[in-house]
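Close look at the chain arrangement
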Amino acid sequence: MQKTGKGKTPRRPGQKKATNIEKDPVGVYCRIRPLGAEDEECCVEMISSSTIQLHAPDGLKANRNGEYKETQYSFKKVFGINTTQMELFEDVAKPLVDDLIRCKNGLLFTYGVTGSGKTFTMTGSPGEGGLLPRSLDMLFNSISPFQAKRFVFKPDDKNGMEIQGQVDALLERQKRDSQQSVPKTPSSRQKADPEFADMISPEEACKSENVDEDCCYSVFVSYIEVYNNYIYDLLEDAPFDPIRSKWLGGGTPVRNNEFIPPQSKSLREDQNHNMYVAGCTEVEVKSTEEAFEVFWKGQKKRRIANTQLNRESSRSHSVFTVKLAQAPLDADGDHILQDKNQVNVSQLCLVDLAGSERTSRTKAEGSRLREAGNINQSLMTLRTCMEVLRENQMCGTNKMVPYRDSKVTLLFKNYFDGEGKVRMIVCVNPKADDYDETMLVMRFAEMTQEVEVARPVDRPICGLAAGRRHRNQAFRDELSRHLEERGGPSDADDPILLTQLMESLPALPSCELVDPADDQTLPRLIEVLERRQHIRQMMTEQLHKTASTLKSMLQQFDGQLSAKETYLHDQQSKLCEKDKVITNQRTEIERLEKKSTTLEYKIDILQKTTDMYEQDTRSLRQELETRDQKLQRELSERRRMEQRMQGMVTDTKLKWEKECERRVNAKQLEMQNKLWVKDEKLKQLKAIVTESSAGSCSTERPEKPERPSRERDCIIAQKRSASPSPRPTAPPVRPTHRRSHSAGGEKWVDHKPPSNLDLDTVMQPIIPNAIKVSTPNEKALSKCHKYVLRHQELASDGEIETKLIKGNVFKTRGGGQAVQFTDIETLKQECPTSSSRKRRSGSAEGPAEMEDIENRAPVTNTSYGYQKRRKP
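What you see is a predicted model, and the numbers here were worked out from it, not measured in a lab.

Topic: the overall build of the protein
- When you go through the protein residue by residue, the secondary structure sums to 21 helices and 32 strands.
- Buried residues in the protein amount to 34% of all 872 residues.
- Pairs at least 24 residues apart make up 71% of the contacts formed inside the protein by residues separated by at least 6 positions.
- By element, 52% of the accessible surface of the protein is carried by carbon and sulfur atoms, the whole surface being about 55,400 Å².

Shown next, in the form of structure tokens:
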């Protein structure tokens, strides 16, 4: 049967009409379930009625160096751990049931991690009915006085409804009663459904006030599941073996150890481009209890399993659909209008999505692993569809939404395209173990709130006057009252009342004539008949008078109704004018919103470009600083080399000056000795000559000339001696050697930054069993017990000083590694000529000390640990 309302709202509107359609965002609610134990760590906090805050667990903070901070997420409303099922129903599901009665579709689904309370929120438990039983109870409480008889509405297997007459419906009922030849067993008849016992208390019952009394209603329910991306009908009658039959977990029948796989269903598109499950069983129900019984029949076949995270984990997505068919009464208000174009069908889909899970935590294997993969894949497709819808709406793009990648998204494609309201309840388990999965769920919920769905339009049923059922009932009540006042029957169609009416007339006398001369029987009969005729005339006059009064009342009511319709028409015309003004304003607002969105998109692009430029600037600045540091090191090295060369030149100059002075003094002494020898020889020669000339003039012998003193020669020789005075031989003193901690048998992480310089010293730190890295990482730290950092800096004397900073590596509570520094060793290279020069320039001692310092052998001093300078 074709649905008229859907024909008035085409599924593929043109681009020009898209701007005039009002849209509402997807309503996203959040429900927090209580913790399983009081001592469990909680990572979710409700800070207001619409905001929650996520705290990273302590172990996660320690593992990632405290990078995670508290994050807040906003929803349409947040329900805490003390929220009752009734409060949740009043805010979320009750408006959808009102829309269902007003011929509008609705979709409500629960989403969250496995074990977060989705099935409890949707189904509930005894004494705490969930959203599904409460929705059914409210629906039947609202339409029960106006329900049509069974089989008046009949599905046409093409997602539509047909109307049958009273006779055809009666034949269908008799046919159904005759086909129920297999009675139920006594045990099953006595066995009640414990899952739905006392689910809704009478105090919590509610009803809708927006029911159209001039219509007749019928409710049809269907129950399907999407398992491994296949659709199965949970209400389909499966083969039953009364002798030997058993059911696997998931409702698959087994007979003689042979599996009977259920038949999967396919999705099709009706003439209004709406998706439906072909061949799905639709059961007509007339009460809440009957609907519960049908739901429980399908619930027993739903696939559930026991995992590490949930004892009864849903392994499929379940969809319980409630269809409400309604048709108007005729002008008299007695029977349903036999026009199938006036039939309206609305539906409410209640979806319990299977929870996303990580196989590393659930320890799933085999079929459970395959089920988890299909569940996660379908949920990923749902998130992808939401992302594409949001991008198309915010950026004005026209990307194709991948509905067909999953049966779940393809089934609900019409709702996201504007066929009804969409509500989502995000169920959250606040325990710390689900922190990562809860974070992903929160991001998906935050993105879903930005998706807008076209608002469904109102669907007028027909153009007949309102109040037809009420007027017909008033007429019947008035007629019954008049008949009761006259002592007649309240219902003229009742044979008993007709008999009482006949008995109220005067009784007929005996009409038997015995004597031809009898002149009393006929006059008595004529008198009785005349009295009856008079009563009949009075009754006829009274009936005409009552009919005239009723007709005048109806004419008066019609006049009032016409006046009200005229007034309503005037108000509607004014309302249309206001709607045009509002439409123009909304068009302008949408244009400005699009412009604002475009500008925001440009701002985002410029912001990204700015960030790129800033990053390049920082990298170039860092490179420039690195080069400046390298240049400064080279300049300091050059200055140090210049100072060394100047010291060596000065020392060499002083050395050669002393050597020259020593050689000059030695030459002078040698020349003086030669001169003295010559003087001696001349004196001797002169004496000989004097003796030979004087003869015997003098017998005295001349005194021998005195040799110059050698004290000066000894002093000069001591000064000229280049070797120090001999010292007594003694065994060398070996200073105590402090063994380096890095020479042990433990494994080390040798951290040498790339900016360090290689010093060509003889002694170098060598660490056995070391992993050399330029940047510390978690992998290297996890393999070692010790850590050393080579740090170079410029000392005050211009030399490069290397510090070995050592520490112990230990594991943290979160599974990471940390370093505790315990010791520092210093490696330093000194130039002895430079230090000798400094001491000599500041000393006031004589030249002997200078020569002693000069003649010492050069020593290269490389020390470990904290360095102390040696005194000269």
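Alright, that's what it looks like, and here's the rest.
Structural notes on the sheet that holds strand β4 (residues 51-54)
- As summarised here, the arrangement of the three strands in space is β3-β4-β5, forming an open sheet in which the pairing is antiparallel. Pairing within the sheet leaves two strands with one partner each, and these edge strands are β3 (44-46) and β5 (71-74). For this sheet, the mean inter-axis angle between neighbouring strands, taken without regard to orientation, is 25 degrees.
- As judged from the three bridges shared by β3 and β4, these two strands associate in the antiparallel manner. Note on β4: the bridge partner recorded for Met46 is Ile52.

Points about the nonpolar core
- Counting residues in each nonpolar core, the largest one holds 56 residues, and the members touching the most others are Ile52, Phe75, Phe412, Val426 and Met442.
- With residues up to four places along the chain from it excluded, the contact list for Phe75 reads Val28, Tyr29, Cys30, Ser50, Ile52, Val426, Met442, Ala445 and Gln449.
- By size, the runner-up hydrophobic cluster in this structure holds 41 residues, among which are Tyr29, Leu96, Met138 and Tyr217.

Digging into the environment of Asn344
- Mapped onto the elements of the fold, Asn344 is located in strand β24 (residues 344-352).
- Residues Asn344 and Tyr217 lie 127 residues apart in sequence; the distance between their C-alpha atoms is 9.8 Å.

Here's the deal with the packing of aromatic side chains
- In total, this model carries seven aromatic pairs according to the counting rule given.
- Between Tyr29 and Phe79, the aromatic rings sit 6.2 Å apart at their centres with planes inclined by 35 degrees, giving tilted as the arrangement. Taken as a pair, Tyr29 in strand β2 (residues 27-32) and Phe79 in strand β6 (residues 77-79) lie far apart in primary sequence, 50 residues in all. Grouping residues by exposure puts Tyr29 and Phe79 together as buried.
- Ring geometry for Tyr787 versus Phe821: centroids 6.0 Å apart, planes at 65 degrees, classification edge-to-face. Taken as a pair, Tyr787 in strand β29 (residues 786-794) and Phe821 in strand β31 (residues 817-830) lie far apart in primary sequence, 34 residues in all.
- On the accessibility criterion, Tyr787 (6% relative accessible area) is buried.
- We classify Phe821 as partly exposed; its relative accessible area is 48%.
- Three or more aromatic residues joined by ring pairs make a cluster, and in this case those are Tyr223, Phe295 and Phe320.

Considerations on the pairing of strand β23 (residues 317-328)
- Counting buried positions over the 12 residues of β23 gives 12, a clear majority of the element.
- Neither face of β23 is exposed, since His317, Val319, Thr321, Lys323, Ala325 and Ala327 on one face and Ser318, Phe320, Val322, Leu324, Gln326 and Pro328 on the opposite face are all buried.
- In terms of strand pairing, strand β12 (residues 215-227) meets β23 through 12 bridges, oriented antiparallel. Each residue of the ladder has a partner; that of Cys215, found in β23, is Pro328.
- Looking at chain direction, β23 and β24 are connected through nine bridges and run antiparallel. Bridging from a neighbouring strand, Thr321 pairs with Cys349 of β24.

So, helix α6 (residues 131-143)
- For α6, built from 13 residues, the straight-helix expectation of 18 Å at 1.5 Å per residue is met to within 8% by its first-to-last C-alpha distance of 19 Å.
- Across the 13 residues that make up α6, a large majority, 12, are buried.
- Three or more residues of α6 are buried, namely Leu131, Leu132, Pro133, Arg134, Ser135, Leu136, Asp137, Met138, Leu139, Phe140, Ser142 and Ile143.

What about the pattern of salt bridges?
- One pass over the structure, following the stated rule, counts 29 salt bridges.
- The closest approach of N and O atoms between Arg586 and Glu22, which form a salt bridge, is 1.7 Å. Taken together, the positions of Arg586 in helix α17 (residues 521-694) and Glu22 in the loop between α1 (4-8) and β1 (23-25) put the pair 564 residues apart, joining distant regions of the chain.
- Note on Glu22: relative accessible area 28%, which makes it partly exposed.
- It is possible to trace a salt-bridge network through shared partners that takes in Glu22, Asp24, Arg455 and Arg586.

Quick notes on the packing of helix α4 (residues 94-101) against α6
- Direction vectors running N to C along α4 and α6 enclose 40 degrees, while the axes themselves pass 10 Å from each other. Relative to α6, the element α4 lies oblique. You can see that α4 and α6 cross each other, and the crossing is right-handed. In this structure, α4 contributes Lys94, Val97, Asp98, Leu100 and Ile101 to the contact, and α6 contributes Ser135, Met138, Leu139 and Ser142.
- Of the residues contributing to the contact of α4 with α6, the split by class is five nonpolar, two polar and two charged.

A closer look at α17
- Between the first and last C-alpha of α17 there are 242 Å, a value that for 174 residues agrees with the 260 Å anticipated at 1.5 Å per step.
- Taken as a whole, α17 has its buried residues at Thr521, Leu525, Val528, Leu550, Ser636, Arg640, Gly647, Asp651, Leu669 and Glu680.

A look at the pairing of strand β13 (residues 230-233)
- Where β12 meets β13, four bridges bridge the pair, whose relative direction is antiparallel. Note on β13: the bridge partner recorded for Tyr227 is Tyr230.
- The pairing of β13 with strand β17 (residues 264-265) spans two bridges and is antiparallel. When the sheet's bridge partners are listed, Tyr232 is paired in β17 with Ser264.

Remarks on a nonpolar patch on the surface
- The grouping of Met553, Leu554 and Phe557 at the surface amounts to a nonpolar patch, some 260 Å² of accessible area in total.
- Relative to the helices and strands, Met553 is located in helix α17.
- Assessed through its relative accessible area of 36%, Met553 is described here as partly exposed.

Reading guide: rules and limits
- Residues numbered from 1 in each chain as written.
- Predicted model: local features only at pLDDT ≥ 70, side-chain atom pairs only at ≥ 80, totals over all residues.
- Heavy atoms only, no water.
- Helix = DSSP H or I, 4+ residues; strand = E, 2+ residues; numbered from the N terminus.
- Buried < 20%, exposed > 50% of the residue type's maximum accessible area, 1.4 Å probe, protein only.
- Contact = heavy atoms within 4.5 Å.
- Areas by Shrake-Rupley, 256 points an atom, 1.4 Å probe, with all protein chains shown as cover.
- Pairing = 2+ DSSP bridges.
- Axes fitted to C-alpha atoms, helices over the stretch in contact; angles between N-to-C directions.
- Core = buried A, V, L, I, M, F, W, Y, C linked by side-chain atoms within 4.5 Å.
- Phe/Tyr/Trp six-rings, centres within 6.5 Å; stacked < 30°, edge-to-face > 60°.
- Expected span 1.5 Å × (residues − 1).
- Salt bridge = Lys/Arg side-chain N within 4 Å of Asp/Glu carboxyl O.
- Parallel < 35°, antiparallel > 145°, perpendicular 65-115°, else oblique.
- Left-handed = near helix turned anticlockwise from the far one by under 90°.
- Nonpolar A, V, L, I, M, F, W, Y, C, P; charged D, E, K, R; others polar.
- Patch = residues over 30% accessible without salt bridge, like charges linked within 9 Å, V, L, I, M, F, W, Y side chains within 5 Å.

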